[in-house]
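Spelled out from the first residue to the last, the chains are:
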Amino acid sequence: MGTLIAIDGVDASGKQTQSELLYKRLIDSGTRARLISFPDYGSESSALVRMYLNGDFGSRPEDVNAYAASTFFAADRFASYRRDWRDDYENGTVIIADRYVPSNMIHQASKLPASEKAKFSEWLYDLEYNIYGLPKPDVTVFLDMPPEYAEKLMAERENKIDHSQNKDIHERSREYLEASYKNAVFISERFGWKHVLCVKDGMIRTIEDINNEIMNILKRRLSI
């Protein structure tokens, strides 16, 4: 069996950048690795995800409840795993996931009151890992990017669905971004994710500095 590394965090925390750099460093070191990303926008399995984020079911994230929205993302992951990367994973490849199951916990549990977050997390854990049978990450890295910094970075990037400057329903709402961040910190502590600070002394750390910390975490935890 392979190794699964999940890189997660709120929007604009640098997940894609860090995942791609980590993948390159592993390949350069001679490690057999593969990079995957969610949602899988190039696949038909992400249709409901795209509709949800585009606002087809409501212009606000809370217009679709946490349980319903989570199933859109979970089904997309299931299709990707079964059709695309399961064989590589089962044959010993290191899989680097730019977003994974923790992303559902971060974004969808933020819609719920604190008293319901634990129950939802347990339900989601059972849905994705037990019912859908997705592999559990060996390490989950949480990129801690405070919302005031993430908002500035988000303003400069394009929409991943249509490559425009239009923001999806998650990205358009500052309140949702702040709620997701607070929820992410809570969830990361509950599940023991590896916490990587993206801001130090009021400045965003360099890409290389953050990635070096991630590599050190993996070297301590995994045989890679």
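Going by the structure above, here's the rest.
(A) Inspection of the packing of aromatic side chains at higher detail. Counting across every chain of the model gives 15 aromatic pairs. Centre to centre, the rings of Y67 and F120 are 5.1 Å apart; their planes meet at 85 degrees, and the pair counts as edge-to-face. One end of the pair, Y67, is in helix α3 (residues 66–90); the other, F120, is in helix α5 (residues 114–131), with 53 residues separating them in the sequence. One aromatic cluster is present, built from ring pairs that chain together F38, Y81, W85, Y89 and Y100.

(B) Fine view of the pattern of salt bridges. The tally for this structure, following the rule as stated, stands at ten salt bridges. With its nearest N and O atoms 3.3 Å apart, the salt bridge here joins R190 to E122. Taken as a pair, R190 in helix α7 (residues 174–191) and E122 in helix α5 lie far apart in primary sequence, 68 residues in all. Notably, a salt bridge pairs E213 with R205, separated by 2.7 Å at the nearest N-O pair. Since its relative accessible area comes to 26%, E213 is described here as partly exposed. With relative accessibility at 15%, the residue R205 sits in the buried group.

(C) Main features of helix α2 (residues 47–54). Those residues of α2 that sit buried are V49, Y52 and L53. Projection of α2 onto a plane perpendicular to its axis shows the buried side chains occupying an angular sector of 90 degrees, all on one side. Looking at the buried positions of α2, the neighbouring elements they touch are α3, α4 (101–108) and α7. A positive backbone phi angle near 95 degrees is found at G55, which sits one or two residues after α2.

(D) Representation of the environment of Y132 within the structure. Tracing the backbone through its elements, the reader meets Y132 in the loop between α5 and β4 (139–144). By relative accessible area, which is 24% here, Y132 ends up partly exposed. Apart from residues lying up to four places away in sequence, Y132 is in contact with A74, A75, F78 and L127.

(E) Inspection of the sheet that holds strand β1 (residues 3–9) at higher detail. Across the sheet, five strands lie side by side as β2-β3-β1-β4-β5; this open sheet has parallel pairing. Of all strands in the sheet, those with a lone pairing partner are β2 (33–37) and β5 (194–197), marking the two edges. Ignoring strand direction, the axes of neighbouring strands in this sheet form an average angle of 20 degrees. As judged from the five bridges shared by β2 and strand β3 (residues 94–98), these two strands associate in the parallel manner. Residue pairing for β3: R34 is matched across the bridge by I95. Sitting on the sheet, helix α1 (residues 15–28) touches β1, β2, β3 and β4, and the angle it makes with β3 is about 165 degrees.

(F) Broad picture of the side chain of T140. If you trace the backbone, T140 turns up in strand β4. Overall, T140 belongs to the buried group, its relative accessible area being 9%. With residues up to four places along the chain from it excluded, the contact list for T140 reads A6, P102, W193 and K194.

(G) View of the side chain of S43. The residue S43 is located in the loop between β2 and α2 in this model. On the accessibility criterion, S43 (14% relative accessible area) is buried. Among the polar contacts made by the side chain of S43, one reaches the side chain of S45 at a distance of 2.9 Å. Filtering out sequence-adjacent residues up to four positions away, S43 remains in contact with R50 and R83.

(H) Molecular detail of the pairing of β4. Most of β4 sits inside the fold, with six of its six residues counted as buried. Across the two faces of β4 the burial is the same, with V139, V141 and L143 and T140, F142 and D144 all buried. In terms of strand pairing, β1 meets β4 through five bridges, oriented parallel. Among the inter-strand pairings, D8 is bridged to a residue of β4, identified as F142. The sheet contact formed by β4 and β5 spans four bridges and is parallel. Paired with V141 across the strands is K194, a residue of β5.

Conventions we followed
- Residue numbers run consecutively from 1 along every chain, following the written order of its sequence.
- Thresholds applied to this predicted model are a pLDDT of at least 70 for local features of residues and 80 or more for the giving and counting of side-chain atom pairs; totals over whole chains, interfaces and linings are not thresholded and use all residues.
- With hydrogens and water set aside, each side-chain value is computed from the structure's full complement of heavy atoms.
- Only rings of Phe, Tyr and Trp enter the pairing, Trp through its six-membered ring, and a pair is recorded when the two centres are within 6.5 Å. The plane angle decides the type: under 30 degrees is stacked, over 60 is edge-to-face, the rest tilted.
- For the purposes of this entry, the term helix denotes a DSSP run of H or I that reaches at least four residues, the term strand denotes a run of E that reaches at least two, and both are numbered from the N terminus.
- A pair is scored as a salt bridge if a Lys or Arg side-chain nitrogen falls within 4 Å of a carboxyl oxygen belonging to Asp or Glu.
- Buried, partly exposed and exposed residues are distinguished by accessible area as a fraction of the type maximum, computed with a 1.4 Å probe on protein chains only: under 20%, between the cut-offs, and over 50%, respectively.
- By definition, the arc is the one covered by directions from the helix axis to the C-beta atoms.
- Only heavy atoms matter for contacts: two residues are in contact if any of them lie within 4.5 Å across the pair.
- The pairing criterion is simple: DSSP has to find at least two bridges between the two strands.
- Note on method: axes are straight lines fitted to C-alpha atoms, helices fitted across the in-contact stretch only, with angles between N-to-C directions ranging 0 to 180 degrees.
- For this analysis, a polar contact is any N or O atom pair within 3.5 Å, provided that within protein one partner can donate a hydrogen and the other can accept it, and provided that sequence-adjacent residues contribute only side-chain to side-chain pairs.

None of this, on its own, says anything about what the molecule does.
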